[in-house]
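# Observations on chain architecture
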Amino acid sequence: MANLEADVLGICPQDYHLPNDIVDHLLCHFSDGPLLSDVAAKAIVIAENPTSSVRDITLVIESDPSLAMRILRIANSVLYSPATPILSLENAIARIGFRECTSIIYASCIARMLEKSTLADEWTRTVLRDHAFSTAILSRHLNELLSLGYQGEDFTCGLLHDLGRILIASYSPSIFQAGDDLTFGDESMQVTHEDRLWGSNHCEVGAVFVARSGLPAAAVDVIRHHHAPAEEPHPPLVTLVAAADHAANSLVCRTYTGTYDPSTNEYFSELISHRSPAERATLLEQFIELIGQTNDATSQMIAAFCS
Ligand SMILES: [Fe+2]
Ligand SMILES: [Fe+2]
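Now for a look at the structure at hand. (Residues numbered from 1 in each chain as written. Chains lettered and ligands numbered in written order. Predicted model: local features only at pLDDT ≥ 70, side-chain atom pairs only at ≥ 80, totals over all residues.)

With that settled, consider the overall build of the chain. Along the backbone of the chain there are 16 helices and zero strands. Buried residues in the chain amount to 42% of all 307 residues. Sequence-distant contacts, at least 24 apart, represent 65% of the contacts inside the chain between residues at least 6 apart. (Helix = DSSP H or I, 4+ residues; strand = E, 2+ residues; numbered from the N terminus. Buried ≥ 20, exposed ≤ 12 C-beta atoms within 10 Å, placed from the backbone. Contact = placed C-beta atoms within 7 Å.)

What follows is about the packing of helix α8 (residues 153-160) against helix α14 (residues 236-248). Any two packed helices are characterised by the angle at which their axes cross and by the distance between the axes. For the pair α8 and α14, interaxial distance at closest approach is 10 Å and the crossing angle is 55°. On the basis of the axis angle, α8 is oblique to α14. In this structure, α8 crosses over α14, and the sense of that crossing is right-handed. Side by side, α8 and α14 meet where Glu153, Asp154, Cys157 and Gly158 of the first sit next to Leu237, Leu240, Val241 and Ala244 of the second. Class assignment of the residues belonging to the contact of α8 with α14 gives a composition of five nonpolar, one polar and two charged. (Axes fitted to C-alpha atoms, helices over the stretch in contact; angles between N-to-C directions. Parallel < 35°, antiparallel > 145°, perpendicular 65-115°, else oblique. Left-handed = near helix turned anticlockwise from the far one by under 90°. Nonpolar A, V, L, I, M, F, W, Y, C, P; charged D, E, K, R; others polar.)

Another aspect to go through is the environment of valine 60. Position of valine 60 among the secondary structure elements: in helix α4 (residues 54-61). Taking the C-alpha atoms as reference points, valine 60 and aspartate 38, separated by 22 residues in sequence, lie 9.8 Å from one another. Not counting the four nearest positions on each side in its chain, valine 60 is found in contact with Val39, Lys42, Ala43 and Ile46.

A few words now on the environment of glutamate 194. Tracing the chain through its elements places glutamate 194 in helix α11 (residues 187-198). C-alpha of glutamate 194 to C-alpha of alanine 178: the two residues are 16 residues apart in sequence and 9.3 Å apart in space. Not counting the four nearest positions on each side in its chain, glutamate 194 is found in contact with Gly179, Asp180, Asn201 and His202.

Once that is clear, we can look at the nonpolar core. Ile71, Ile105, Val210, Ile223 and Ala243 are the most contacted members of the largest nonpolar core, which has 74 residues in total. For this core, the two domains that each supply at least three residues are domain 1 (2-30 + 119-306) and domain 2 (32-116). If we skip the residues at most four places from it in the chain, isoleucine 71 touches Ile61, Leu89, Ala92, Ile93, Cys101 and Ile104. (Core = buried A, V, L, I, M, F, W, Y, C linked by C-beta atoms within 7 Å. Domains from an automatic or database assignment.)

Attention shifts here to the packing of helix α3 (residues 38-47) against α4. Direction vectors running N to C along α3 and α4 enclose 175°, while the axes themselves pass 9 Å from each other. Considered as vectors, α3 and α4 are oriented roughly antiparallel to each other. Only Asp56, Ile57, Val60 and Ile61 of α4 make contact with α3, whose side of the interface consists of Val39, Lys42, Ala43, Ile46 and Ala47.

So, about unusual backbone geometry. Look at serine 147: it is not a glycine, yet its phi comes out positive at around 50°. Among the structural elements, serine 147 can be located in the loop between α7 (122-145) and α8. The class for serine 147 is exposed, based on 6 C-beta atoms found within 10 Å. One non-glycine residue, leucine 182, lies in the positive phi region at around 55°. For leucine 182, the location among the structural elements is in the loop between α10 (173-179) and α11.

Below you can see the structure in the form of C-alpha cells.
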C-alpha cells in the first residue's frame, strides 16, 4: 500500500519512509537540545518539589532571560489580570503559583521549538500550535469539570500530545505533508495511514523523543496512546487527553461552527461512564459550553506565549 500511495504521489517510496532511527535524526536536527533546556528542566524539578520556595525557582529561572521575560509577560497578561503590574520575576512566580509555572515552562518550550523550527509553511505551524494549545486548555477544563485531581499534568500532556507531528513536520515538510493533511478527521485512520506510509507514526515518534528528553513516564504514555487509550489499561490521564483531543479537532484554526456533538466522544463517555444518567446529561451540556470558551482562551494564551 505504501508503494501504491507513493506511486500516486509520483515519488520513490523510500523518500517517504522515516529514517530507521528517526529519533537520533531528530535529536541531531534539534541540536539545541531536546524539548527542555537545562534551565527549564531544573526549574520543573524544583517546582514539583513541595519543599521548594519561590526564591529557589526564581534563582534558576532568572538564569534564562528569555524564559524569565516570558513568565513575567504572562503573569501580567489578561490570563492573570493582576490589579497592578508585576515587575519582578519572584512576584510573578508567587502570583501564578508553581503549578502554573510548570505549565508555562512547557508551553514556552513548545512555543520556542515552533519558532525555531524549519517549518516552511506558516499555515502548518499555526495549525499545529493552535491544536496544541486548544487541547491543553480543554484537558485542563475537563480535569476541572470531572474533578479528576490532576495538578497541571492535564495541561502539559494536552500540550505535548501531538509533539510527534511538530517534530516530523519540522524535520521534513515534504514527508509530513505526504502523510498528514492536518484535516483532523478520523484520527485512528490517520495513525494507520502513517504506519503504512512512514513505517512509524507521530505517536511513537513523539513518545520516544519525550522519553529521551527525560520527561515523566505519564507524559510518554499519553503521547504514545492518545489515539487508542482503550487498547490496554492506562491511567485516566490518557483518556482525558484523548477526550480533549477529540474535541480540539473541531477547533482547527480556532474556527468553531458550534456543531460538535460531545456524545460522539467515546473517551469522554468513558470518563463519565460511572455517573448517573442525570449527571451524564449535565456534563455533556457543560462540555459543549467549554468547547465554545476554549477558542477565546486559546487566542489569549497564544497572544501571551507567542508574541
Ligand atoms: Fe495525535
Ligand atoms: Fe491531536
